[in-house]
Amino acid sequence: MSDNLSTPNQLNIPKHIAIVMDGNGRWAVQRNKPRALGHKAGVDALRKTIEACVRLRVDALTVFAFSSENWLRPAKEVDLLMRLFLATLKRQAASLQKNNIRLKVIGDCSRFSSALQKSIQTVEALTAGSDGLTLIIAANYGGQWDIEQAAIRLSEHIKSLAGQSDGMQLKDFLSTAEVVDPDLFIRTGGEQRISNFLLMQLAYSELYFTDTLWPDFNEQCLLDAINDFSSRQRRFGQTGEQINQQE
Ligand code: IPE
Ligand code: IPE
Ligand code: MG
């Protein structure tokens, strides 16, 4: 397995990887440390994963940073996560731009502080011209919310066409409409659930679950997931024989 690092060319690199970065709290608790330390270590794991995706020429990486349900956590932890998000954005803005990464935040940002909303807009604008990796951070995001907002916008669009149809569909209004649906979904931390992440977009993603806690995730873990992905036959409803004939 470890020779993966030297042979990424043989791998089938997914165009879009989506990750539920789970396990920060448990990582800290295992070390008798406050959960905050796990979240801070999680930021480092994210930075390494982004670097690996750039090296592997992945087109898009979508990461679940804060779910619409995570507001239910103790206020102190929510506050820490918000401050960490803001500080990380400010600290990494220049590096994102330098590495030709385009940042986009998806989710209902209206509940964030004005400082955080402003910082998101600033970094999105700063990196809008990048054509390398598209990094999508899902924050105050829920897959159900995404479908609801897409339905509202689609109905407004149809109304504006005064009865005509231009073929636009619900998927064209999802918050990830500008990138292809994820080829590979990774969840760290051992749970095998979606937790209201990209519900529509994951329809045909290959699912990969690992017990590794997010702060321990590194390039080798990513390559292991991609290696597993490379061994799958994606059939999209067709038979295996049909797919073999097309190859
Ligand atoms: C994921 O790690 C990060 C967020 C949800 C913000 P957790 O904080 O959920 O870690 P565990 O699941 O408690 O270990
Ligand atoms: C999912 O993790 C959300 C993020 C990683 C941001 P959770 O830890 O919140 O998921 P559940 O509550 O265990 O399903
Ligand atoms: Mg969790």
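So, here's what we can say about the structure. Predicted, not measured: the structure shown is a model, and the values here were computed from it. The residue numbers shown here count from 1 along each chain, following its written sequence. All chains are assigned letters beginning at A, and all ligands numbers beginning at 1, according to the order in which they are written. Reporting in this predicted model follows two pLDDT cut-offs: at least 70 for local features of residues, and 80 or more for side-chain atom pairs to be given and counted; totals over whole chains, interfaces and linings ignore these cut-offs and use all residues. Each side-chain value is worked out from all heavy atoms of the structure, with water and hydrogens disregarded.

## Some points on the nonpolar core
Put simply, a nonpolar core is a bunch of buried Ala, Val, Leu, Ile, Met, Phe, Trp, Tyr and Cys residues held in one set by side-chain atoms that sit within 4.5 Å of each other. A simple rule labels every residue: compare its accessible area, found with a 1.4 Å probe on the protein chains alone, to the largest value its type can have, and call it buried under 20%, exposed over 50%, or partly exposed in between. Core analysis: the biggest nonpolar cluster contains 46 residues, and Ile17, Leu61, Phe85, Phe112, Ile186 and Leu222 have the highest contact counts within it. Working definition: helices are DSSP H or I runs of at least four residues, strands are E runs of at least two. Numbering for both runs from the N terminus. Of the residues forming this core, the biggest block, eight residues, is contributed by helix 3 (residues 75–98). We call two residues in contact when some of their heavy atoms are within 4.5 Å. The residues contacting Phe112, other than those within four sequence positions of it, are Trp71, Met82, Phe85, Gln117, Ile120, Ala139 and Asn140. Val20, Ala60, Ile136 and Tyr141 belong to the second largest nonpolar core, which has 13 residues in total.

## As for the site of ligand 2
Any residue with at least one heavy atom within 4 Å of a molecule or strand is counted as near it. All residues in the neighbourhood of ligand 2 are listed as Val20, Met21, Asp22, Phe64, Ala65, Phe66, Asn70, Arg73, Arg187, Arg193 and Ser195. Pairs of N or O atoms are called polar contacts if they sit within 3.5 Å, as long as, within protein, a hydrogen donor faces a hydrogen acceptor (for residues adjacent in sequence, only side-chain-to-side-chain pairs). Here an oxygen atom of ligand 2 sits 2.9 Å away from a polar atom, N or O, in the side chain of Asn70. Here Arg193 contributes a side-chain N or O atom positioned 2.8 Å from an oxygen atom of ligand 2. Its free accessible area being 390 Å², ligand 2 has 78% of it covered by the protein chains. Per-element tally for the shell around ligand 2: the top contributor is strand 2 (residues 60–67), with three residues. Classifying every residue of the shell around ligand 2 gives five nonpolar, two polar and four charged. Each accessible area is a Shrake-Rupley estimate made with a 1.4 Å probe; only the visible protein chains count as cover when residues are assessed. Residues are grouped as follows: nonpolar covers Ala, Val, Leu, Ile, Met, Phe, Trp, Tyr, Cys and Pro; charged covers Asp, Glu, Lys and Arg; every other residue, Gly included, is treated as polar.

## Some thoughts on helix 2 (residues 35–55)
A rise of 1.5 Å per residue sets the reference length of helix 2, with its 21 residues, at 30 Å; its end C-alpha atoms lie 31 Å apart and thus fit the reference within 8%. Among the structural elements, strand 1 (16–20), helix 1 (24–30), strand 2, helix 3, strand 4 (134–141) and helix 6 (219–230) are those in contact with the buried residues of helix 2. Immediately beyond the C-terminal end of helix 2, within one or two residues, lies Arg57, with a positive phi of roughly 60°. In this scheme, a helix's expected span is set at 1.5 Å multiplied by one less than its residue total.

## Overview of the site of ligand 1
Within the structure, ligand 1 sits among Met21, Asp22, Gly23, Asn24, Gly25, Arg26, Arg35, His39, Ala65, Asn70, Arg73 and Leu81. The separation between an oxygen atom of ligand 1 and a polar main-chain atom of Gly25 is 2.9 Å. For ligand 1, the protein covers 87% of the area, taking 380 Å² as the surface of the free molecule. Elements with a minimum of two residues in the shell around ligand 1: helix 1 and helix 2. Among the elements that make up the shell around ligand 1, the one with the highest residue count is helix 1 (three residues). Here the shell around ligand 1 is built from residues that sort into three nonpolar, five polar and four charged.

Remember that the coordinates give geometry; whether it matters functionally is a separate question.
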